[in-house]
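So the chains spell out like this:
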Amino acid sequence: MRIGVFIPELVRHLFKKPATVDYPFIKQELPPGFRGSPYLKPETCIVCRACERDCPAEAIEIISINEAEKRFKMIIHNDRCIHCAQCVDSCPTDAMNMDTKFEISDYDRHNLKMEWEYVRAVIKPKSAEPKS
Amino acid sequence: MATLKTFIYLIVYPGLLFLFIYSTFVEWYDRKLYARFQNRMGPTHTGKAGILQPIADFFKLMAKEDITPERADKGLFSALPAFGLAIVSTAMLLLPVWNYSLEKPSFTSFNGDLIVMLYLLSLPTFIFFLAGWSSTNLFSTVGAARVLTMLFGYEVPLFLSVLSPAILAGSWRMAEIAAFYRARPLLILVNLLAFFIALICIQAKLERTPFDIPHAETEIVGGTFTEYSGKKLALFRLMMDVEMVVAAGLLATVFLGGFPANPWIGLVSFILKTLFVIFFLSLIRATTSRIRVDQVVSFSWKYLAPLAVLQLLIVILVKGFIS
Amino acid sequence: MKFQIPIGPQHPALKEPIGLRVMVEGEIIRDADLRLGYNHRGIEKLAEQKTWIQNIYLTERICGICSHSHTTCYVQGVEKLMELQVPRRGLYIRTLVSELERVHSHLLWLGVAGHEAGFDSFFMYTWRDREIVMDILETITGNRVHYGINTIGGVRRDLDELQVKKILDSLDILRKRSEYYKNLGTTEPSFVARLAGVGYLSKEDAIALCAVGPTLRASGVPRDVRKDDPYAVYDEIPFEVCTADTCDVLGRTVVRIKELFQSYNMIEFMLKNLPEGPIAVRAPRRAKPNEVVSRYEAPRGENIHYIKSNGTDKPERLKVRAPTLGNYAATIKMLKNGFIADVPLIFAAIDPCICCAERAVALVDARTGEEKVVPMLALKQLSQKIYGLNARKREVEWPL
């Protein structure tokens with residue numbers, strides 16, 4: 001038991017810069033590999049639907065637009081996305097990627113939707129079955 | 001002319017307007033210090049370095065919806081904030097900031113004004129008690145009971161510790177006490193113990209950590225102020241700030257030699273000395289954790305009161321030695 | 001005068017909704033009662049409709065603070081069901097993250113204890129230093145709260161040399177700071193006055209009431225799943241089970257601070273002995289019909305997942321027993337004959353995670369206070385009756 005055992009620490013910090021950051025005005029640097037929002041590189045997507053199947057939040061939707069032309073549309077519902085990056089892991093051709101955006105709030109959930117319309121790519125996947 | 005002067009005294013300086021501005025500044029100062037002690041930034045964006053934040057908070061609260069509980073005593077519930085603010089503002093008029101003259105004492109500086117001051121500073125406690133009791137909320141009731149329990153703890157040591165410099169100066173008039181210590185600065189050191197006891201008691205009176213028991217938010221929500229909102233809460237908050245200024249002013253007058261006899265220098269030294277006292281209040285707030293209400297009572301009767309009596313003894317001995 | 005004070009479901013001392021009703025006489029608590037179910041999310045039912053992989057992220061969201069605990073517990077069970085041999089490097093990284101999580105959870109708890117006791121400076125300082133761990137976790141896993149590092153058969157991200165160095169550097173600062181908090185938390189008079197002797201739980205009561213984790217260890221029972229039933233790589237790592245015999249909140253603080261130092265040592269050991277090799281093996285999509293119980297020592301205590309598979313790619317049943325549930329009975333015991341002022345401290349001392357423990361709901365009539373058991377069919381009929389009367393509009397644009 002010592003009275004005022006905290007005082008030296010408190011007074012020392014009185015003359016120090018605050019540890020907190022003025023956040024929305026001063027942005028902090030994100031570490032590399034930060035899991036932000038998922039996005040698609042349409043030129044490498046082979047429409048294997050592994051991402052759609054594995055997405056825990058059912059945020060990925062792949063719609064066939066024209067069967068003959070092999071045109072597809074991928075919609076990522078960012079309002080449902082839980083940013084787990086399982087789609088990136090499931091993708092056999094590295095078509096799904098993560099950016100580092102995290103300030104994606106919006107007044108309307110429809111604005112968070114991201115869409116890509118593309119022709120199916122013909123690439124040999126890295127492995128026969130998508131990795132877990 | 002005299003009427004106009006009185007009006008200026010009451011409304012502009014040192015009355016309501018000065019009090020409002022200075023007490024909000026003091027709140028900012030306290031918040032900023034508290035934040036910097038904790039390695040945080042504190043208010044930053046309203047005005048320069050957030051200096052206008054308390055005023056912004058005040059006006060925001062003024063504009064908020066004002067709710068009176070169905071089962072509360074409505075008249076009492078609504079009148080209490082105004083009463084409380086009036087009481088502490090009156091107490092401010094007694095401080096010898098402008099009525100410093102010893103030869104021509106004005107009507108607010110008289111022999112025994114120290115007692116009136118302490119009386120006026122005791123009343124806010126009852127205002128808090130009534131506020132909690134009249135809102136009929138369970139948490140408020142518990143808070144109100146805690147206010148009174150705490151009062152039994154800190155009031156006697158506070159009176160005793162303020163008594164000792166008065167005894168040494170041989171006067172019950174604050175202006176005279178201050179003048180006495182200005183003339184003999186070394187004697188301030190005699191009252192050092194009483195100064196720290198008074199600091200702790202004032203901290204308890206202002207209900208700040210470690211004595212923020214009546215409105216301990218993690219235990220009893222808002223305590224006495226649980227049911228207060230909008231304008232009434234704004235007035236209560238302002239009242240607490242004014243009370244802090246007045247209490248700091250009282251300590252500065254009684255223990256630190258008051259404010260030299262010139263309105264402008266007096267104002268500057270008033271500000272400096274109150275800020276000095278409030279620095280200690282903030283430090284105590286940052287250093288400690290909240291204690292229990294039974295611990296407050298036992299702490300003040302086991303340690304504070306005996307120490308205050310010891311201080312009285314010292315003062316009496318010193319007084320005999322001097323004369 | 002006896003009266004009942006409702007603490008919760010909405011109360012500043014509670015971070016999540018729980019109904020804690022205390023019967024007080026003046027300032028002294030005579031009786032206490034816990035009401036759960038305000039935070040029930042139907043996670044166990046939802047888990048039955050998701051695949052094994054999707055469930056990793058679902059179990060991660062059972063709790064925000066011990067998110068890694070729940071996934072590890074679940075993933076261990078699933079690996080046992082699928083008969084997978086996880087590579088050692090994967091296990092090391094998994095254990096490393098779980099120890100880092102323990103550090104961040106205990107530092108968080110210290111701050112919360114400070115805040116509940118009104119010691120806000122302590123709270124600010126511990127949380128400032130907790131940011132160091134959070135930053136490490138963010139660097140190695142890609143997120144601050146939901147790390148998502150576990151996958152069935154290993155982990156998802158590897159460690160590189162730079163990260164190892166960064167963690168080792170940060171450990172020095174953390175050790176120094178923790179030493180300071182240990183000193184401060186056990187010597188600051190007003191803080192100790194609030195902690196010492198509060199929430200007494202004797203050794204016999206702790207065992208009888210099935211307390212877990214630091215609450216149990218502070219009553220002098222050296223019980224720790226990491227030692228008693230080692231999982232992952234805990235049988236290779238040297239560490240001690242920390243106990244205290246004061247049986248009060250101060251003891252729980254001391255146990256947690258001691259565990260911090262153990263965790264630092266374990267992290268250092270793991271980083272220095274990190275084996276080479278792959279981090280994960282490929283997992284099948286289905287598991288053979290079987291059932292498994294998985295145990296894990298979360299920062300708050302023993303975490304149990306029961307998983308039953310039926311040969312498909314979805315579990316048939318997932319049952320979660322979070323550590324907080326084990327501590328509720330002991331909390332009631334600790335609260336009795338205490339002060340109102342100590343309620344938040346005693347309750348916080350078990351480090352409650354309410355949403356972890358919400359596995360059931362009770363139906364209570366709001367007017368009469370009568371509890372009843374309602375079969376699913378009756379609930380369905382009730383909902384049809386209510387929503388049949390005021391049918392929802394279909395296909396409306398959000399917001400409604």
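Residues numbered from 1 in each chain as written. Chains lettered and ligands numbered in written order. Predicted model: local features only at pLDDT ≥ 70, side-chain atom pairs only at ≥ 80, totals over all residues. Heavy atoms only, no water.

### Section: empty space enclosed by the protein
All names here are of chain A.
Reasoning step 1: Summed over the entire model, instances satisfying the criterion amount to eight cavities of 30 Å³ or more.
Reasoning step 2: Each pocket or cavity is described by its volume, and for the largest cavity that value is around 100 Å³.
Reasoning step 3: Together, 15 residues line the largest cavity, and Cys55, Cys81, Ile82, Cys84 and Cys87 are the ones closest to its centre.
Reasoning step 4: A per-class count over the lining of the largest cavity returns 13 nonpolar, two polar and no charged. (1 Å grid on protein atoms, 1.4 Å probe; cavity = no way out; pocket = protein on both sides within 12 Å on 5 of 7 lines; lining within 4 Å. Points joined across faces, edges and corners; volume = space filled by probe spheres on them. Nonpolar A, V, L, I, M, F, W, Y, C, P; charged D, E, K, R; others polar.)

### Comments concerning the interface of chain A and chain B
Reasoning step 1: Taken residue by residue, the interface counts 15 residues in chain A and 12 residues in chain B.
Reasoning step 2: By the criterion of area lost to chain B, the three top residues of chain A are Leu10, Leu14 and Pro18 of chain A, representing 41% of everything that side buries.
Reasoning step 3: Summed over the shared surface of chain A and chain B, the result is zero salt bridges.
Reasoning step 4: At the surface where chain A touches chain B, the tally comes to three residue pairs in polar contact (both at pLDDT 80 or more).
Reasoning step 5: Taken together, the residues of the side of chain A that touches chain B break down into nine nonpolar, three polar and three charged. (Contact = heavy atoms within 4.5 Å. Buried area = accessible area lost by both parts, 1.4 Å probe. Salt bridge = Lys/Arg side-chain N within 4 Å of Asp/Glu carboxyl O. Polar contact = N/O pair within 3.5 Å; in protein donor to acceptor, adjacent residues only side chain to side chain.)

### What to know about the nonpolar core
Reasoning step 1: By size, the foremost hydrophobic cluster in this structure holds 189 residues, and its most contacted members are Phe236 and Phe270 of chain B together with Ile5, Leu96 and Leu159 of chain C.
Reasoning step 2: Per element, the largest residue contribution to this core is 16 residues, and it comes from helix α10 (residues 230-255) of chain B.
Reasoning step 3: If you look at the next biggest cluster of nonpolar residues, it comprises 32 residues, including Trp52, Cys66, Tyr74 and Val75 of chain C. (Core = buried A, V, L, I, M, F, W, Y, C linked by side-chain atoms within 4.5 Å. Buried < 20%, exposed > 50% of the residue type's maximum accessible area, 1.4 Å probe, protein only. Helix = DSSP H or I, 4+ residues; strand = E, 2+ residues; numbered from the N terminus.)

### Quick word on the interface of chain C and chain A
Reasoning step 1: Counting from both sides, the interface comprises 36 residues of chain C and, opposite them, 35 residues of chain A.
Reasoning step 2: Buried surface at the junction of chain C and chain A, summed over both partners, amounts to about 3,100 Å²; 49% is from carbon and sulfur atoms.
Reasoning step 3: The closest approach of N and O atoms between Lys50 of chain C and Glu58 of chain A, which form a salt bridge, is 3.5 Å.
Reasoning step 4: When contributions to the side of chain C that touches chain A are tallied by element, the ones reaching two or more residues are α2 (52-60), α5 (120-141), α6 (161-187) and α7 (189-195) of chain C.
Reasoning step 5: Examining the composition of the side of chain C that touches chain A, we find that seven residues originate from one element, α5 of chain C, more than from any other.
Reasoning step 6: Its residues placed into classes, the side of chain C that touches chain A shows 14 nonpolar, 11 polar and 11 charged.

### Digging into helix α12 (residues 293-322) of chain B
Reasoning step 1: Taking 1.5 Å as the rise per residue, α12 of chain B with 30 residues should run 44 Å; its terminal C-alpha atoms sit 41 Å apart, in good agreement.
Reasoning step 2: By the burial criterion, the buried members of α12 of chain B are Val293, Gln295, Val296, Ser300, Leu304, Ala305, Ala308, Gln311, Leu312 and Val315 of chain B. (Expected span 1.5 Å × (residues − 1).)

### Side note on the sheet that holds strand β1 (residues 2-7) of chain C
Residue and element names in this part refer to chain C.
Reasoning step 1: Judged by pairing direction, the sheet is antiparallel, and its three strands sit side by side in the order β1-β2-β3 without closing on themselves. Each edge of the open sheet is held by one strand with a lone partner, namely β1 and β3 (28-35). The mean angle between the axes of side-by-side strands here comes to 20°, regardless of whether they run parallel or antiparallel.
Reasoning step 2: Sheet topology places β1 next to strand β2 (residues 19-25); six bridges connect them, and they run antiparallel. Residue Ile5 lies in a different strand from β2, and its bridge partner there is Val22.
Reasoning step 3: Across the sheet, helix α12 (residues 323-335) lies against β2 and β3, angled at about 160° from β3, the strand it touches most. (Pairing = 2+ DSSP bridges. Axes fitted to C-alpha atoms, helices over the stretch in contact; angles between N-to-C directions.)

### Describing the pairing of strand β3 (residues 71-77) of chain A
Residues and elements named next belong to chain A.
Reasoning step 1: For β3, the tally of buried residues reaches five of seven residues, placing the bulk of the element in the interior.
Reasoning step 2: Sheet topology places strand β2 (residues 60-66) next to β3; six bridges connect them, and they run antiparallel. Note that in β3 the partner of Ile63 across the bridge is Lys73.
Reasoning step 3: The hairpin formed by β2 and β3 contains four residues between the paired strands, and Lys70 there has a positive phi angle of roughly 60°.
Reasoning step 4: Relative to strand β5 (residues 113-119), β3 runs antiparallel, the two being bridged by seven bridges. Looking at β5, one finds that Ile76 is bridged to Met114.

### Considerations on the confidence of the model for chain B
Detailed reading of the predicted coordinates is not advisable wherever pLDDT falls low.
Reasoning step 1: Looking at chain B as a whole, its pLDDT mean stands at 86, while 96% of the residues score no less than 70.
Reasoning step 2: Within chain B, the lowest mean pLDDT, 78, falls on helix α1 (residues 2-12) of chain B, and the highest, 91, falls on helix α3 (residues 53-63) of chain B. (pLDDT = per-residue confidence, 0-100.)

### Examining the packing of aromatic side chains
Reasoning step 1: Inspection of the entire model under this criterion finds 37 aromatic pairs over all chains.
Reasoning step 2: On the numbers, 5.1 Å between centres and 65° between planes, the contact of Phe20 of chain B with Phe58 of chain B is edge-to-face. Remark: Phe58 of chain B occurs in helix α3 and Phe20 of chain B occurs in helix α2 (residues 16-37); sequence separation between them is 38 residues.
Reasoning step 3: Overall, Phe20 of chain B belongs to the buried group, its relative accessible area being 17%.
Reasoning step 4: When the ring of Phe196 of chain B is compared with that of Phe280 of chain B, the centres are 6.1 Å apart and the planes differ by 90°; the resulting orientation is edge-to-face. Taken together, the residues Phe196 of chain B in helix α8 (residues 192-205) and Phe280 of chain B in helix α11 (residues 263-287) connect sequence positions 84 residues apart.
Reasoning step 5: Under the relative-accessibility criterion, Phe280 of chain B is labelled partly exposed at 22%.
Reasoning step 6: Among the aromatic residues, those joined into a ring-pair cluster are Phe6 of chain A together with Phe119, Phe122, Tyr125, Tyr180, Tyr181 and Phe191 of chain C.
Reasoning step 7: In this structure, Arg285 of chain B is placed above the aromatic ring of Tyr34 of chain B, and the distance from its NZ or CZ to the ring centre is 3.8 Å. (Phe/Tyr/Trp six-rings, centres within 6.5 Å; stacked < 30°, edge-to-face > 60°. Lys NZ or Arg CZ within 6 Å of the ring centre and 35° of its normal.)

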